[in-house]
Amino acid sequence: MTKTYTGKCLCGQITYTASGSPIVVAQCHCEECRRLSGTGHTVGAMFASEVVAVSGKLSEFSYSSDKDSQVTKVFCANCGSPIYGTNTRIPDHLTLSLGTMDDASGLYIEVVIFERDKPHWDRLGQDVVFFATQPDWKPES
Ligand SMILES: [Zn+2]
Ligand SMILES: [Zn+2]
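Note that the coordinates shown come from a computational prediction; the quantities given were computed from them, not determined experimentally.

Examining the pairing of strand β7 (residues 70-76)
Inspection of the sheet shows strand β6 (residues 58-64) paired to β7 by seven bridges, in the antiparallel sense. Along β7, the bridge assignment pairs Ser 59 with Phe 75. Between β6 and β7, which pair antiparallel and follow one another directly, the connecting turn spans five residues, one of which, Asp 68, has a positive phi of 65°. Between the end of β7 and the start of strand β8 (residues 82-87), which pair antiparallel, lie five residues, with Gly 80 showing a positive phi angle near 85°.

A word on unusual backbone geometry
Positive phi, close to 65°, is recorded for Asp 92, a residue that is not glycine. Classification of Asp 92 as exposed rests on a count of 8 C-beta atoms within 10 Å.

Here's the deal with the nonpolar core
With 15 residues, the main nonpolar core has Ala 18, Phe 47, Val 52, Ile 83 and Leu 96 as its most contacted residues. Elements supplying a minimum of two residues to this core: β2 (15-19), β4 (42-48), β7, β8 and β9 (93-97). Considering every element that reaches this core, the biggest residue donor is β7, with three residues. Setting aside its immediate chain neighbours within four residues, Val 52 contacts Tyr 16, Ala 18, Phe 47, Leu 94 and Leu 96.

Things to note about the pairing of β8
Note on strand geometry: in a regular strand, side chains alternate between the two faces of the sheet. With five of its six residues buried, β8 lies for the most part within the structure. Note: β7 against β8, five bridges, orientation antiparallel. Bridging across to β8, Thr 72 finds its partner in Thr 86. Alignment of β8 against β9, held across two bridges, turns out to be antiparallel. Residue pairing for β9: Tyr 84 is matched across the bridge by Leu 96. With antiparallel pairing between neighbouring strands as the criterion, β8 and β9 make up a hairpin whose turn holds five residues, including Asp 92 at a positive phi of roughly 65°.

Calculation rules
- Residues numbered from 1 in each chain as written.
- Chains lettered and ligands numbered in written order.
- Predicted model: local features only at pLDDT ≥ 70, side-chain atom pairs only at ≥ 80, totals over all residues.
- Pairing = 2+ DSSP bridges.
- Helix = DSSP H or I, 4+ residues; strand = E, 2+ residues; numbered from the N terminus.
- Buried ≥ 20, exposed ≤ 12 C-beta atoms within 10 Å, placed from the backbone.
- Core = buried A, V, L, I, M, F, W, Y, C linked by C-beta atoms within 7 Å.
- Contact = placed C-beta atoms within 7 Å.

It is worth stressing that arrangement in space is one thing and function is another; only the former is reported here.
Following this line, the structure appears as structure tokens:
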């Protein structure tokens, strides 16, 4: 049985389905991914473009990678959520932002790339307190 992954953007205007298993799930710390995400990395699942169907109004931004390929980042035109990216170096494939997936069960990060560009703060230290969800914390007044 072929597994189908579904996802959507923050505002819900963009929805997508992807069938089958991703080719790879990667975490990337490159400068572009950091600026795109506003945090220390992106996590993406690469699929063949033909197994992915996206609906809704998209907006995109392209730039040249340092390997001289053309990278295109595709967003929801309304809320700006990063939906997927393409790279002319790997034609006919796209990489879906894993955080937009409704249920990524069974998927795990297989590779971390651009580790050298990882900000020192992008990790969980051994002595941090963490919460599984939003804590009931409020700033002291
Ligand atoms: Zn949206
Ligand atoms: Zn990157």
